[in-house]
Amino acid sequence: MAAEVILDVQELRAYYRILKGDVKALDGVSFQVRRGEILGIAGESGCGKSTLAHTLMLRKPPLRHIDGKAIFLGQDIMTMSKEAFRQRRLRDISIIPQYALDALSPTKKIRTFMSDIVREHGIPADKKFFERVEERLRFVNLSPDVLDRYPIELSGGMKQRIIMVISTILNPELVIADEITSALDVSSQRFAASLLVELRDQGIIGSAMFITHDLAILYQIADRLMIMYGGHIVEMGPIDEIVYRPRHPYTKALIDSLPRVGVQYEEQKLEGIKGTPPELLNIGPGCRFRFRCPYKTSKCEQTPITEHINPEHSIACWHYTEIGSESVG
Ligand SMILES: Nc1ncnc2c1ncn2[C@@H]1O[C@H](COP(=O)(O)OP(=O)(O)O)[C@@H](O)[C@H]1O
Ligand SMILES: [Mg+2]
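Note that the coordinates shown come from a computational prediction; the quantities given were computed from them, not determined experimentally. (Residues numbered from 1 in each chain as written. Chains lettered and ligands numbered in written order. Predicted model: local features only at pLDDT ≥ 70, side-chain atom pairs only at ≥ 80, totals over all residues.)

(A) View of the overall build of the protein chain. From N to C terminus, the protein chain includes 10 helices and 12 strands. Here the protein chain has a C-alpha radius of gyration of 20 Å; the compact-globule value for 329 residues is 20 Å, and the two agree. With respect to the three principal axes, the spread of C-alpha positions in the protein chain is 65 × 50 × 45 Å. With 329 residues in all, the protein chain has 38% of them scored as buried. When contacts within the protein chain are restricted to residue pairs at least 6 apart in sequence, those whose partners lie at least 24 apart make up 67%. (Helix = DSSP H or I, 4+ residues; strand = E, 2+ residues; numbered from the N terminus. Rg over C-alpha atoms; globule rule 2.2 N^0.38 Å. Buried ≥ 20, exposed ≤ 12 C-beta atoms within 10 Å, placed from the backbone. Contact = placed C-beta atoms within 7 Å.)

(B) The sheet that holds strand β4 (residues 63–72), seen in detail. Here four strands make up an open sheet; going across it, the order is β2-β1-β4-β5 and the pairing antiparallel. The two strands at the open ends of the sheet, each matched to only one other strand, are β2 (21–34) and β5 (75–76). The pairing of strand β1 (residues 5–18) with β2 spans 10 bridges and is classified as antiparallel. The residue bridging Leu12 from the neighbouring strand is Val29, located in β2. (Pairing = 2+ DSSP bridges.)

(C) Local environment of the nonpolar core. With 79 residues, the main nonpolar core has Ala177, Met209, Phe210 and Ile227 as its most contacted residues. Those residues in contact with Met209 that sit more than four places away from it in its chain are Val33, Leu39, Ile41, Ile176 and Ala177. (Core = buried A, V, L, I, M, F, W, Y, C linked by C-beta atoms within 7 Å.)

(D) Structural detail: the pairing of β1. In this structure, the hairpin formed by β1 and β2 is closed by a connection of two residues. Sheet topology note: the β1/β4 ladder contains eight bridges and is antiparallel. The residue of β4 that forms the bridge with Tyr16 is Leu63.

(E) How the structure looks around the site of ligand 1. Every one of the 14 residues lining ligand 1 counts as a neighbour, but Tyr16, Ala25, Lys49, Ser50 and Thr51 are closest to it. With three residues, the single largest contributor to the shell around ligand 1 is helix α1 (residues 49–57). For the shell around ligand 1, the class distribution of residues is seven nonpolar, six polar and one charged. (Near = placed C-beta within 6 Å. Nonpolar A, V, L, I, M, F, W, Y, C, P; charged D, E, K, R; others polar.)

(F) Broad picture of the pairing of strand β9 (residues 224–229). Counting buried positions over the six residues of β9 gives six, a clear majority of the element. A two-sided burial pattern is seen for β9, the buried positions comprising Arg224, Met226 and Met228 on one face and Leu225, Ile227 and Tyr229 on the other. Sheet topology note: the strand β3 (residues 38–42)/β9 ladder contains four bridges and is parallel. Within β9, the residue paired with Leu39 across the bridge is Arg224. Note: β9 against strand β10 (residues 232–238), six bridges, orientation antiparallel. Residue pairing in the sheet places Ile227 in a bridge with Glu235 of β10. Linkage of β9 to β10, two consecutive antiparallel strands, is achieved through a turn of two residues, within which Gly230 is found at a positive phi near 55 degrees.

(G) Structural view of the sheet that holds β3. Read from one edge to the other, the open sheet built from eight strands follows the order β6-β7-β8-β3-β9-β10-β12-β11, with strand pairing classed as mixed. Each edge of the open sheet is held by one strand with a lone partner, namely β6 (93–96) and β11 (307–310). Neighbour to neighbour, the strand axes of the sheet diverge by 20 degrees on average, direction disregarded. Note that β6 and strand β7 (residues 174–178) share four bridges and pair parallel. Paired with Ile93 across the bridge in β7 is Leu174. Lying on the sheet, α1 is in contact with β3, β6, β7, β8 (207–211) and β9; it crosses β7 at an angle near 145 degrees. Relative to β9, helix α9 (residues 249–256) is tilted by about 105 degrees, and along the sheet it contacts β3, β9 and β10. (Axes fitted to C-alpha atoms, helices over the stretch in contact; angles between N-to-C directions.)

(H) Fine view of the packing of helix α5 (residues 156–167) against helix α6 (residues 186–201). Close contact between α5 and α6 brings their axes to 10 Å; oriented N to C, the two are set at 15 degrees. By the angle between their axes, α5 is roughly parallel relative to α6. When you trace α5 past α6, the crossing you get is right-handed. On α6, the residues touching Gly156, Gly157, Gln160, Arg161 and Met164 of α5 are Ser188, Phe191, Ala192 and Leu195. Its residues placed into classes, the contact of α5 with α6 shows four nonpolar, four polar and one charged. (Parallel < 35°, antiparallel > 145°, perpendicular 65-115°, else oblique. Left-handed = near helix turned anticlockwise from the far one by under 90°.)

(I) Here's a closer look at the environment of Thr303. Mapped onto the elements, Thr303 comes out in the loop between α9 and β11. Sequence separation of Thr303 and Ile323 is 20 residues, and the distance between their C-alpha atoms is 18 Å. Residues in contact with Thr303, not counting those within four places in the same chain, are Pro285, Gly286 and Cys287.

(J) Examining the environment of Ser105 more closely. Note on placement: Ser105 falls in the loop between β6 and α3 (110–120). Look at Ser105 and you get exposed, because 12 C-beta atoms sit within 10 Å. Considered as a pair, Ser105 and Leu56 are 49 residues apart in the sequence and their alpha carbons are 25 Å apart.

In structure tokens, the structure reads:
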């Protein structure tokens, strides 16, 4: 039985229109999010992960929607009016943005912060609302006392859990979590990631897009994995298949740079990827990984077509059949 699709993104393009031209940070991406899944999204810094989240949720200048659709529960959110989308935010689709912890105003108690947010969305911050908040705080292992504290009195991990409570308070169908763990220490990272799984397992949220540059966390929680590079999707498939049988040269390089489980960190050689992701300002066609790719040929001057290796696993590389699927590391 095919899983129900709740978000269907088709050839989505969004550029930053700046004085010097277009930063093509999201350049024709197509994928689906299925009901109940955790879709991991990975790639180095500057590959367009946050731009994807912002295109779906927050689009602020200079970020402009150029082309393509994002059909969420039957409606294209790219053409929806601001007001119609405001009605759905928090209720149906919710984002936990990168740097969300900074959103907690130092001069406001948590209770005031939460009231302000839900009122912005037209929801009364009444007794019933706070009963629900308290129940959820307990669910994430926090005492309701935190409501009467200031952010400075709370640890990073506690603040992260508070942000997660508020983002999911109306049981959204889809949560987009952008680098929610990167500012935290290792145990808080694990806790925040497993909390998202728990929220999904309990039916509090439907599905999640979990964005991070940290593949090890995704391996613990994601059902499928999407790898982004230079504003494109280069590979996508079931988590085990991508981690153990990566096919795209970029995915292979990313996996190779991971510390191996069970191996002492100091003892192993980390195969870092040389170079950095490309500058996307006014970038032309072609595979965007070709500048760093050992398999590059003249064919790579053309943008690769996305092909399916099997119904679940897709890849955008002209040379994947030659590169094969030998295991790495
Ligand atoms: N406000 C902006 N104006 C111009 N370019 C931007 C802006 N924000 C991000 N970019 C560029 O867009 C590209 C993708 O960035 P981003 O989506 O933040 O990547 P990631 O989240 O994967 O690190 C980068 O090249 C970045 O420099
Ligand atoms: Mg980012």
